[in-house]
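Fold and geometry: a report
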Amino acid sequence: MKISYNWLNKYLPETIDPQKLSEILTSVGLEVEALEPYENFKGGLKGLVTGEVLTCEQHPNADKLKVTTVDINKSGALQIVCGAPNVTVGQKVIVAPVGTTIYPLNGEAITMKVAKIRGVESFGMICAEDEIGLGNSHEGILVLPAETETGTPVEKLFDAYSDWVYEIGLTPNRMDAMSHIGVAKDVCAWLTHHNHKMVTAKLPFGNHITASNTGSGFEVVIENTDACKRYSGILIENIKVTPSPAWLQHYLKAIGQRPINNIVDITNFVLHETGQPLHAFDADALSSKKVVVRNLPEGTLFKTLDDVERKLSNKDLMICNGNEPVCIAGVFGGIGSGVTEKTASIFLESAWFNPASIRTSSLKHNLRTEAAIRFEKGVDISGTVRTLLRAVDLIKQVAGGAINGDVIDVYAIAAEKKIVVLKYDYLKKLSGKAYSSESIKNILTALEFDILEENEQFIKVAVPLSKADIGLPADIVEEIIRIDGLNNIEIPATITINPSIDDNSIAERVKTKLAQLLAGLGFNEIIANSITNSKNYSENKLSAAVKLLNNLSAELDIMRPSMLETGLEVLAYNINRKNTNLRIFELGKIYKHDETGYAETEKICFWITGKKQVSGWKNQNTEADFFTAKGIVASLLENINIKKITFTEPQVSTEGTFQSIQKNKTALGSIVLTGNGLLQKFGIKQPVIFAELDVKGVVSEASAQSILYKEIPQLPLAERDLALLLDKNVNYSSIVSSLEKMNVKYLEGFKLFDIYEGEKISAEKKSFAINFKFVNAEKTLTDAEVENAMQKISEKLIKEFDAEIRH
C-alpha cells in the first residue's frame, strides 16, 4: 500500500520529518518497506530559469549552429551555442545555466558545464521540452508566452510537485489502516501515548448539505440484505466533467493512480483518504430511478467497463437499474453506466457489501480492483453517509453541481459494536509488561475505543466498527503493544512457565524426537514451499492435486501432492553448486482432493544422495544406497518403540523403485530409489533415495506400544554364527519373520552380517551369514543349551526354506 507524505500531513496535528514518520509507522505495525521521493518532473525542474534571447547570430564554424546571448535577469547575459532551428531574437525560453542538472525524458541526467563548441564557448543550454522532461517533442526549443517574466524559476511556472511516498507492508487484518486517515489515526495514537498529550487526526468531514429540491425521485431497494447491509446514495445534478485540478492529480499520481476525470478522481481520492469505496453512476443510465441490489439468474450476460462480456453467477451481487444490471456490486461497473465527458448528473453510491460475497465475485471474474480489495477485508459500515458527504463537498468544489433531494440511506439493522473485556493480568501475561491502567485507557481512547467500564482488575471496551478484525482480548493486547512499541517490552531476568496438558502432546513429542534423531544422523532440516509447480509432477499425482484458483505466479499453481519433488528441487539447487553429498529432511504436509473432499496429510521425509559419510583415512568412500535409508528408517522407528517393522517386495512406479514400510500389515510409509526419469526432470545425475513416514500412522503405532524395562544381563552372552545356502529368491525378511515366530528359548537377538553370491556357490543360490546371541538372566548358559537352540533354528530354516548349512 502506498501512502503520500504530503497527503498524510493534511490529517496530522503537527508536521513530522519523513524519516521520523517512517519509524513511527513501522513501530505501530505499519511496516515501511520503502520510502521513495516522488516528483512529477524528475529533478523538480530545479535550477532552470526563464530567459529572453537578445541576439542570435550564425556560428562561424558550423552551418546548423547559432550563437546567442540570453538574458536570465542576473548579472550579465549568457552566451549560449544553440542548434535548434527555431531559435530567434525576442523569444522567451527555458535556460539551464552552468551547474544545473537536467533530466531528459529518455536518457541519463546531464550537468551543465562551460563547453567550447566548434571553437565558441557556451555557458549553458536553451532547452527543448523533452530535454527537461516536460514533453516528448524535440523539434526545437520550447518557446514560452511573450509575457513570461525573465528570470522566473521554471519549477514555479510549471507547478513542479515533490513528495515522499511510503510503501507499507500492510498485514491482512489491518483494514482500518488501509487509507490515509486510518494511518493518521495510528500516528496520532502513537503521539498521544509517547508525548503524553492527547492529539487527534484532523478529519475533513462536514455534516451539512444543501439540497435544491426536497426529493430526488430515486428509490433504493435491497433484496439481498445479507450481502448488502447498508446502501447510501445521493443525486447530484448540473455537474461539469473535466480533467481534475493539479492538486488532485498530484495526490493520485504520487500513489500510482492514473487521473481520469474530476468525478472519477474524487471517488478514488476519497477511497484512499477514508478506505470507503464509492461508485458514481451516470444518472441518465438509471432511467427507472430505482436502484435494486440483488442477485441475477445463473448465466446472465453482463458487459463491464473494460468491454468484456461476462457470464454472471447467481452468487454475484448486482446493482440494477430496475431489472437491468449496471454494476457488479463492489467490484466493477458496467459499460453503459459510467461517467463520461457528456455526463451532467450522477448518482453517487456509498455502501457496505459482505466481504465473502465480494471476494467470490472478484476472484470468479478475475477483477482485483481497489474497491473489491477493501470490501473483501471489511469496510466501516458506520461511515457510508459520512464518506458520501465528503465526496459531495469535493465534487461541488471541482465539478460544480447541485444536490437534488436528501441522502438516501437504507440501513435496516444498525451494526452493534463488539464488546471486549480485557483483564490486566491477562495483558501482563501475554505482553510480558505491566502497563498502568491510565496508559491502557489513553491508548485505547486514542484508538477510538469506547471505555464502558474499568476497575482494578479489567477494562471493558466497545470496539470501533472500523476495526473489524478485533473481537478477542488478545486483539486488544496487540493494539496496546503496537502503540507502545514492541521495542519497549523489557526482557525479564527470569522466565516462568506454567505446565500445561495438551491432548496432542504425544504427537508433538514424536515429531520432535524424529527430527532430533535425524539431525543427530547428520541431516539438515529444510522448509520447502507447500505451493509448487505442477510441471514437476506426474499426471497420476496431478489428478488428485489441489489446484489454486488465484495463483501467485504461473510457476506456483498447486498445493504439493507429494514431498518428493519439492525436496528434489532443493537437492538440484545444491548439487548445481557442487554440494553433492547431501542429507536433508522435512516435516511438512501434502494436499489432495477427490470426490470426498480435500485432505492434508502430515509427513516426515528425508532425502539422501552422495557419499554415506565424510571421506577420511579410516572411512570407506562408499555411496549411500537403498539399504542406507532402510537402516535409518529402522533406527528411527526403533527409537520411538516401533520394532519389528517389515518392508514389502520392491515395486516399480513412475517415481522409481519403492518398498512400503509396514508394522503388522499397517503401512507407515515408503522408501523410494528415485527413477532416472524423475531425476532428469530436475537435472540430477546421481542416485537419490527418498523415505517418507506418515506422521499420523507412526504416532498411532508409537502410542500403542508399551515401554518395558528389564535389568541388563549380568551373565555373559553366548554367540553363534550360522551360514545358510538359500535360493536367490528368498528374502532376509522372510527369515526374520520365521525366527520371530519360533520363540526360541534364551535367544536375545540376531542380525545379518554377510551376504555372499559368487563363484564358490551356484548361480541360483546365495548365502546369508547370521549372528545369534543367547543369554540366561539366572545362570551361565552351557554349550549344550546353546547348541540345542541352534539345532532347532537350523532344522526350522532347512525345513521351511530348503536351506543348506554351510560349514
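Scope of this entry: the structure provided in the associated data block. Since this is a predicted model, take the numbers as computed values, not measurements. (Residues numbered from 1 in each chain as written. Predicted model: local features only at pLDDT ≥ 70, side-chain atom pairs only at ≥ 80, totals over all residues. Heavy atoms only, no water.)

**Thoughts on the overall build of the protein chain**
Put simply, the rule reads: Each helix is a run of DSSP H or I of at least 4 residues and each strand a run of E of at least 2, with the numbering of both proceeding from the N terminus. Accessibility here uses a 1.4 Å probe with only protein chains present; expressed as a share of the type maximum, an area under 20% marks a residue as buried, one over 50% as exposed, and anything in between as partly exposed. Throughout, a contact is declared for two residues whenever any of their heavy atoms are within 4.5 Å.
When you go through the protein chain residue by residue, the secondary structure sums to 20 helices and 42 strands. By its C-alpha atoms, the protein chain is 125 × 80 × 65 Å across when sized along the principal axes. The buried share of the protein chain, taken over its 807 residues, is 47%. Considering only contacts within the protein chain whose residues lie at least 6 apart along the sequence, 69% involve residues at least 24 apart.

**Some points on the pattern of salt bridges**
How we decide: The salt bridge criterion pairs a side-chain nitrogen of Lys or Arg with a carboxyl oxygen of Asp or Glu, the two atoms within 4 Å.
Under the defined criterion, the tally for this structure stands at 37 salt bridges. We note a salt bridge from K773 to E719, for which the minimum N-O separation is 3.9 Å. Taken together, the residues span a long stretch of sequence, with K773 in strand β41 (residues 765-774) and E719 in strand β39 (residues 718-727) at a distance of 54 residues. Taking relative accessible area as the criterion, E719 reaches 45% and is therefore assigned partly exposed. Each of R174, D176, D186, K467, E479 and R482 takes part in a single network of salt bridges with overlapping partners.

**Here's the deal with the side chain of T343**
Short version of the rule: Residues adjacent in sequence count toward polar contacts only when both atoms are side-chain atoms; beyond that, a polar contact is any pair of N or O atoms within 3.5 Å, and within protein one must be able to donate a hydrogen and the other to accept it.
Note that T343 resides in the loop between β22 (332-333) and β23 (346-353). Judged by its relative accessible area of 3%, T343 is buried. Among the polar contacts made by the side chain of T343, one reaches the side chain of D282 at a distance of 2.8 Å. Separated by 2.9 Å, the side chain of T343 and the backbone nitrogen of T340 make a polar contact. For T343, the residues in contact, after removing those within four places along its chain, are I239, V241, D282 and G338.

**Side note on the sheet that holds β39**
The criterion, for reference: Being paired, for any two strands, means DSSP has found at least two bridges between them. To get an axis, a line is fitted to the C-alpha atoms, and for a helix only the part in contact is used. The angle between two axes follows their N-to-C directions and goes from 0 to 180 degrees.
Taken in spatial order, the 4 strands line up as β40-β41-β39-β42 in an open sheet, and their pairing is antiparallel. Here the strands that pair on one side only, and so sit at the sheet edges, are β40 (747-756) and β42 (804-806). Averaged over all neighbouring strand pairs, the angle between strand axes comes to 35°, with direction disregarded. In this structure, β39 lies alongside β41, joined through 10 bridges in antiparallel fashion.

**Here we look at the packing of aromatic side chains**
We count it as follows: For Phe, Tyr and Trp, rings pair up if their centres lie within 6.5 Å, where Trp contributes its six-membered ring, and each pair is then called stacked (planes under 30 degrees apart), edge-to-face (over 60) or tilted (otherwise). Charge over a ring is defined by NZ of Lys or CZ of Arg lying within 6 Å of the ring centre and within 35 degrees of the ring normal.
Per the stated rule, a full pass over the model turns up 14 aromatic pairs. For the ring pair F523 and F606, a centre distance of 5.2 Å and an interplane angle of 65° mean the geometry is edge-to-face. Of this pair, F523 sits in the loop between α13 (505-520) and β28 (524-525) while F606 sits in strand β33 (residues 597-609); the two residues are 83 residues apart in sequence, bridging distant segments of the chain. Exposure class is identical for F523 and F606. Each is buried. Note on F626 and F627: the rings are 6.5 Å apart at their centroids and 85° apart in plane angle, and the pair reads as edge-to-face. For F627, a relative accessible area of 62% corresponds to the exposed category. For R577, the ring lying beneath its charged end belongs to Y573, and the centroid distance is 3.7 Å. When the ring centre of F647 is taken as origin, the NZ or CZ atom of K630, which lies over that ring, is 4.6 Å away.

**Structural notes on the side chain of Q91**
In this structure, Q91 sits in the loop between β5 (78-82) and β6 (92-97). From its side chain, Q91 meets the backbone oxygen of N86 in a polar contact 2.7 Å long.

**Concerning the sheet that holds strand β29 (residues 531-532)**
Here we have 3 strands laid out as an open sheet, ordered β29-β31-β30, and antiparallel in their pairing. Looking at strand neighbours, the two that pair on one side only are β29 and β30 (546-547), the edges of this open sheet. Direction of pairing for β30 relative to strand β31 (residues 558-559): antiparallel, over a ladder of 2 bridges. Paired with K547 across the bridge in β31 is I558.

**Description of the state of the cysteines**
Operational definition: When two cysteine sulfur atoms lie within 2.5 Å, the pair is treated as a disulfide.
Counted by the stated rule, this structure contains 0 disulfides. C82 supplies the cysteine sulfur nearest to C56, a cysteine that is in no disulfide, at a spacing of 7.5 Å. Judged by its relative accessible area of 4%, C82 is buried.

**Some words on the pairing of strand β4 (residues 66-71)**
Two strands pair when backbone bridges link them, and strand β3 (residues 49-58) and β4 are joined in this way by 6 bridges, in the antiparallel orientation. Opposite V53, over in β4, you have V70 as the bridge partner. Sheet topology places β4 next to β5; 5 bridges connect them, and they run antiparallel. Looking at β5, one finds that K66 is bridged to C82.

**Side note on the pairing of strand β15 (residues 228-239)**
A large share of β15 lies buried, amounting to 9 of its 12 residues. As judged from the 8 bridges shared by β15 and β23, these two strands associate in the antiparallel manner. Looking across to β23, one finds that I236 is bridged to I346. Looking at chain direction, β15 and strand β24 (residues 400-410) are connected through 7 bridges and run antiparallel. If you follow E237 over to β24, its bridge partner there is A402.

**Quick look at the packing of helix α7 (residues 355-364) against helix α8 (residues 370-377)**
Note the cut-off: Helix crossings are classified by the rotation of the near helix relative to the far one: an anticlockwise turn of less than a right angle makes the crossing left-handed, while a clockwise turn makes it right-handed.
At their nearest, the axes of α7 and α8 sit 7 Å apart, and the two run at 145° to each other. Judged by the sense of rotation from one axis to the other, the crossing of α7 with α8 is left-handed. Where α7 abuts α8, its residues P355, I358, R359 and S362 lie against A372, F375 and E376.

**Focus on helix α11 (residues 437-446)**
What counts is decided by this rule: It is the directions from the helix axis to the C-beta atoms that the arc portrays.
All of the buried residues along α11 are I440, I443, L444 and A446. Seen from one end, α11 has its buried residues packed into an arc of 160°, which puts them on one side. In this structure, the buried side of α11 is in contact with α4 (180-195), α10 (424-431), β26 (450-454), β27 (458-462) and α12 (473-484).

**Some details on the environment of F523**
Judged by relative accessible area, which is 3%, F523 ranks as buried. For the pair F523 and V331, spaced 192 residues apart in the sequence, the C-alpha separation amounts to 50 Å. Other than its neighbours up to four places away in sequence, F523 contacts L518, R583, I584, F585, F606, W607, I608 and I632.

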